[in-house]
Amino acid sequence: MLRSILSASRYLVVIAVLGSLAAAAALFVYGMAETVAVIAEAVAKMEVTSKGAKALALAFIEIVDLFLLGTVLLMIALGLYELFIDSELKLPDWLHIRTFDDLKNKLVGVVLVVLAVIFLGHVVAWDGSKDLLGFGLAVAAVIAALTWFLMSSKGGKAPKDEPHTKSGLPPT
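As the structure is a prediction and not an experimental result, all values here were calculated from the model. (Residues numbered from 1 in each chain as written. Predicted model: local features only at pLDDT ≥ 70, side-chain atom pairs only at ≥ 80, totals over all residues. Heavy atoms only, no water.)

Some thoughts on helix α2 (residues 13-45)
Given 3.6 residues per turn, any residue in an α-helix points the same way as the ones three and four places further on.
Part 1: Under the 1.5 Å per step criterion, the end-to-end length of α2 is 47 Å for 33 residues, consistent within 8% with the ideal 48 Å.
Part 2: Inspection of α2 places Val13, Val17, Ser20, Ala24, Leu27, Gly31, Thr35 and Val38 among the buried residues, and these make up the whole buried set.
Part 3: Met46, located one to two residues past α2, shows a positive phi value of around 50 degrees. (Helix = DSSP H or I, 4+ residues; strand = E, 2+ residues; numbered from the N terminus. Expected span 1.5 Å × (residues − 1). Buried < 20%, exposed > 50% of the residue type's maximum accessible area, 1.4 Å probe, protein only.)

So, in structure tokens, the structure goes:
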């Protein structure tokens, strides 16, 4: 009896899948609404100045950040579903999650991009009054640590395109 309960408990992940999926959808819809609002405001103002262009660029960078966060949540939903419920989910090859480490690595990769976009947003919005160097160094340290994590987690694995012998080891 305990075995069947534990076996069925994997379906609890559906709660996390649905929550992540709903959050991703909300961010995508909100990002689209923001996109329409920013474009409408830009057309209404029609200020062709460097300050107006900088503000418009910053607004779109922030919108891209929303879409990237939505993508992270979607990847979490798909990855958890694929790991716990249905490993035969039809997804592009690059999005297939076979292990928990695959999910972590894909998420860390997207987080790296989000951090870069956040920093770019600060650079574009920078007015010279704030210390951008300290913030940039903090972001760089996190990016370096996450990059090290990605590189070290892939360290012991053979590249996918390398042929293998029956032993599973690359030929010498």
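From this point on, the discussion continues.
Quick look at a nonpolar patch on the surface
Part 1: Residues Met1, Leu2, Ile5 and Leu6 make up a contiguous nonpolar surface patch of about 500 Å² in total accessible area.
Part 2: With respect to the helices and strands, the residue Leu6 is situated in helix α1 (residues 2-8). (Patch = residues over 30% accessible without salt bridge, like charges linked within 9 Å, V, L, I, M, F, W, Y side chains within 5 Å. Areas by Shrake-Rupley, 256 points an atom, 1.4 Å probe, with all protein chains shown as cover. Salt bridge = Lys/Arg side-chain N within 4 Å of Asp/Glu carboxyl O.)

Notes on the packing of helix α4 (residues 100-125) against helix α5 (residues 132-153)
To characterise two packed helices, one gives the angle between the axes of the helices and the distance between these axes.
Part 1: At their nearest, the axes of α4 and α5 sit 10 Å apart, and the two run at 165 degrees to each other. Classified by the angle their axes make, α4 and α5 are roughly antiparallel. Like other packed secondary-structure pairs, α4 and α5 cross with a definite hand, here left-handed. In this structure, α4 uses Lys104, Asn105, Val108, Gly109, Val111, Leu112, Leu115, Ala116, Ile118, Phe119, His122 and Val123 to contact α5, whose residues at the interface are Leu132, Phe135, Gly136, Val139, Val142, Ile143, Leu146, Thr147, Phe149, Leu150 and Ser153.
Part 2: Broken down by class, the residue content of the contact of α4 with α5 amounts to 16 nonpolar, 6 polar and 1 charged. (Axes fitted to C-alpha atoms, helices over the stretch in contact; angles between N-to-C directions. Parallel < 35°, antiparallel > 145°, perpendicular 65-115°, else oblique. Left-handed = near helix turned anticlockwise from the far one by under 90°. Contact = heavy atoms within 4.5 Å. Nonpolar A, V, L, I, M, F, W, Y, C, P; charged D, E, K, R; others polar.)

Details of the confidence of the model for the protein
Part 1: With 89% of its residues at a pLDDT of 70 or more, the protein shows a mean pLDDT of 84.
Part 2: Averaged over each element, pLDDT in the protein is lowest for α4 (85) and highest for α2 (95).
Part 3: Ignoring residues within four places in sequence, the model shows residues 161-170, a span with pLDDT below 50, making 10 contacts including any to other chains. (pLDDT = per-residue confidence, 0-100.)

Here we look at the packing of aromatic side chains
Part 1: Taken as a whole and assessed by the stated rule, the structure comprises 2 aromatic pairs.
Part 2: When the centroid spacing of 6.1 Å and the interplanar angle of 25 degrees are considered together, the rings of Phe119 and Phe135 count as stacked. Placement of the pair is Phe119 in helix α4 and Phe135 in helix α5, with a sequence separation of 16 residues.
Part 3: Judged by its relative accessible area of 26%, Phe119 falls in the partly exposed class.
Part 4: We classify Phe135 as partly exposed; its relative accessible area is 30%. (Phe/Tyr/Trp six-rings, centres within 6.5 Å; stacked < 30°, edge-to-face > 60°.)

Details of the layout of surface pockets
Part 1: Counted as a void, the second largest pocket has a volume near 300 Å³.
Part 2: Lining the second largest pocket are 12 residues, with Ala42, Lys45, Gly52, Ala55 and Leu56 positioned closest to its centre.
Part 3: Looking at the lining of the second largest pocket, the elements with two or more residues in it are α2 and α3 (50-84).
Part 4: Looking at the lining of the second largest pocket, the element that brings in the most residues is α3, giving 5 residues. (1 Å grid on protein atoms, 1.4 Å probe; cavity = no way out; pocket = protein on both sides within 12 Å on 5 of 7 lines; lining within 4 Å. Points joined across faces, edges and corners; volume = space filled by probe spheres on them.)

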